[in-house]
Amino acid sequence: MAKCMQMKLFHRHQVSAFFHRAFITSGYRSCHSTATSCLRSAFILTNETINFWTHFVAFVAFSIHLYMLPLDFIHDEFTLPLLTFGISACVYTFTSSIAHLFNCMSECHLQTFFFLDYSAISLYSLGSAIAYNYYSFPTILINTTFHEIFLPTAVIAGILCTIITCASRLTSGFIKTKLMRISGFIIPYAFCHYPLIYRILFCQDELECDPESLSLHIQEIFLTVSSTSLFLSHVPECFSPGTFDIVGNSHQLFHVGVSLSTYRHLMAFMTDMKNRRELLSTILLHPPSFQGTVLPFGFLAASNLVITVTFLILFKRRNYSKLK
């Protein structure tokens, strides 16, 4: 049993530069690991173990929470935006955990899993936009032209997110890659949060200014921004490379922070759904429906799959050209 729980780990200079992570010097697994050894590594302290567990535990927690909600997702269409958001949260946390667990099988596997990871994040942005559209939109903007184009534009933003972030993995240069990736994520995040920021700044009545709901929304923004800032700055490992390889590095803190922010997001949408349902049911020209929730979500998922396959083909062709 003890032998099964042992695994040879490598230092940064012993693995391909393709697998290097900024300021992480040790704890690397073999670049040609098998699926079985990747599964075993979930129970051995490597530089990816906590990255896996932080999002896998979040995935399990969100799945159980969604299943236990006393809501009738099948017969009550008003709950569909919440279901779509909940599924998007489960999808991105599960995909992220799998990417971190199996990315050391080969360069091709690493690219594939992180292309899928970025696709899942763009799906999460659309899940958020769908919930904002039906539960959290400022009353003054409901049924306006902006409201009408909000979801179609969110789908486009999700597609752009996937294209830009996947393209960043085929780009050379640390700074250029980083800027492309973060801009790809900022586009859908900033767009889908615009109605919320407007509501926070210009809410006009007691229901719209509901402190319970807005407090949860603000906590979500704070957790996301602060976690992303740590991720981008590589604090604390940039101050002491090698010290936080296994525990306490910025990527792990980022996972914990965004998982907590996602939970706050879910609670905020549930609060808006409950407290604003009567009002929204009377004023929404297009109330929640299968066509307005599941359909755009499915369309973006299919589009992301095509984008992922396209970039994987480009990656393989580029590698093939290098070998010639």
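Preceding this paragraph is the structure being described.
In this text the structure is predicted, and so the values were computed from the model without any measurement. The numbering scheme is per chain: residues are counted from 1 as the chain's sequence reads. Confidence filtering applies because this is a predicted model: local features only for residues at pLDDT of at least 70, side-chain atom pairs given and counted only at 80 or more, and all residues used for totals across whole chains, interfaces and linings. Processing note: side-chain calculations cover all non-hydrogen atoms of the structure and skip hydrogens and water entirely.

### Details of the layout of surface pockets
Where empty space is left can be seen by rolling a probe of water-molecule size over the atoms.
So, step 1. A 1.4 Å probe that fits into a set of points on a 1 Å grid over the protein atoms alone but cannot get out defines a cavity; an open set with protein on both sides within 12 Å along at least five of seven lines defines a pocket, and lining residues are those with an atom within 4 Å of a point. Grid points are joined across faces, edges and corners, and a volume is the space filled by probe spheres set on the points. By volume, the second largest pocket is sized at about 180 Å³.
So, step 2. What lines the second largest pocket is simply Asn133, Tyr134, Asn143, His147, Glu148, Leu151, Pro152, Leu284, His286, Gln291, Gly292 and Pro296.
So, step 3. Numbering of helices and strands starts at the N terminus; helices are DSSP runs of H or I of at least 4 residues and strands are runs of E of at least 2. For the lining of the second largest pocket, the secondary-structure elements that each account for two or more residues are α4 (107-136) and α5 (145-168).
So, step 4. Broken down by element, the lining of the second largest pocket gets its largest block of residues, four residues, from α5.

### Observations concerning empty space enclosed by the protein
So, step 1. Counted by the stated rule, this structure contains one cavity of 30 Å³ or more.
So, step 2. Counted as a void, the largest cavity has a volume near 30 Å³.
So, step 3. No other element matches the three residues that helix α3 (residues 80-102) contributes to the lining of the largest cavity.
So, step 4. Here the lining of the largest cavity is built from residues that sort into five nonpolar, two polar and no charged. Throughout this entry, Asp, Glu, Lys and Arg are counted as charged residues, while Ala, Val, Leu, Ile, Met, Phe, Trp, Tyr, Cys and Pro are counted as nonpolar. The remaining residues, Gly among them, count as polar.

### Quick word on the environment of Arg181
So, step 1. For Arg181, the location among the structural elements is in helix α6 (residues 174-202).
So, step 2. Two residues qualify as a contact provided that any one of their heavy atoms is within 4.5 Å of a heavy atom in the partner residue. Beyond its immediate stretch of four places on either side in the chain, Arg181 contacts Tyr118, Thr165, Ser168 and Arg169.

### Let's talk about the state of the cysteines
So, step 1. Pairs of cysteine sulfur atoms within 2.5 Å are identified as disulfides in what follows. For the structure on display, the rule yields one disulfide.
So, step 2. Between Cys203 and Cys209 runs a disulfide, and the two sulfur atoms are separated by 2.1 Å. Disulfide Cys203 to Cys209: torsion about the S-S bond roughly 115 degrees, handedness right-handed.
So, step 3. Whether a residue is buried, partly exposed or exposed follows from its accessible area with a 1.4 Å probe, protein chains only, as a fraction of its type maximum: under 20%, in between, or over 50%, in that order. Among the residues examined, Cys203 registers a relative accessible area of 23% and is labelled partly exposed.
So, step 4. The class of Cys209 is partly exposed, set by a relative accessible area of 26%.

### Some words on unusual backbone geometry
So, step 1. Of note, the amide linkage connecting Val235 to Pro236 takes the cis form, showing an omega dihedral of 15 degrees.
So, step 2. For Pro236, the position within the fold is in the loop between α7 (211-233) and α8 (250-283).
So, step 3. With a phi close to 70 degrees, Asn143 is a non-glycine residue in the positive phi region.
So, step 4. As for its placement among the helices and strands, Asn143 is situated in the loop between α4 and α5.
So, step 5. Judged by relative accessible area, Asn143 falls into the partly exposed class, the value being 27%.
So, step 6. Although it is not a glycine, His234 adopts a positive phi angle of roughly 60 degrees.

### With respect to the pattern of salt bridges
So, step 1. Salt bridge, as used here: a side-chain nitrogen of Lys or Arg that lies within 4 Å of a carboxyl oxygen of Asp or Glu. Here the structure, examined in full by the defined rule, presents two salt bridges.
So, step 2. A salt bridge links Arg277 to Asp76; the nearest nitrogen and oxygen atoms lie 2.8 Å apart. Taken together, the positions of Arg277 in helix α8 and Asp76 in the loop between α2 (49-68) and α3 put the pair 201 residues apart, joining distant regions of the chain.
So, step 3. Residue class for Arg277 comes out partly exposed when judged on its relative accessible area of 31%.
So, step 4. The closest approach of N and O atoms between Arg199 and Asp272, which form a salt bridge, is 3.1 Å. Taken together, the positions of Arg199 in helix α6 and Asp272 in helix α8 put the pair 73 residues apart, joining distant regions of the chain.

### A short note on the side chain of Thr224
So, step 1. Within the fold, Thr224 resides in helix α7.
So, step 2. Here the side chain of Thr224 touches Ser261 through a polar contact of 3.2 Å, side chain to side chain.
So, step 3. Residues in contact with Thr224, not counting those within four places in the same chain, are Tyr189 and Ser261. The term polar contact refers here to a pair of N or O atoms within 3.5 Å; inside protein, the definition further demands a hydrogen-donor-capable atom paired with an acceptor-capable atom, and it admits residues adjacent in sequence only when both atoms are side-chain atoms.

### With respect to the packing of α4 against α6
So, step 1. All axes here are fitted lines through C-alpha atoms, helices being fitted over the stretch that makes contact, and every angle between N-to-C directions spans 0 to 180 degrees. It is the contact of α4 with α6, at a shortest axis distance of 10 Å, that shows an interaxial angle of 10 degrees. On the basis of their axis angle, the class for α4 and α6 is roughly parallel. Across the interface between the two elements, Tyr118, Ile121, Ser125, Ser128, Ala129, Tyr132 and Ser136 from α4 touch Arg181, Phe185, Pro188, Cys192, His193, Leu196 and Arg199 from α6. An angle below 35 degrees is treated as roughly parallel, one above 145 as roughly antiparallel, one from 65 to 115 as roughly perpendicular, and anything else as oblique.

Everything listed here is a matter of coordinates, which is why it stays silent on function.
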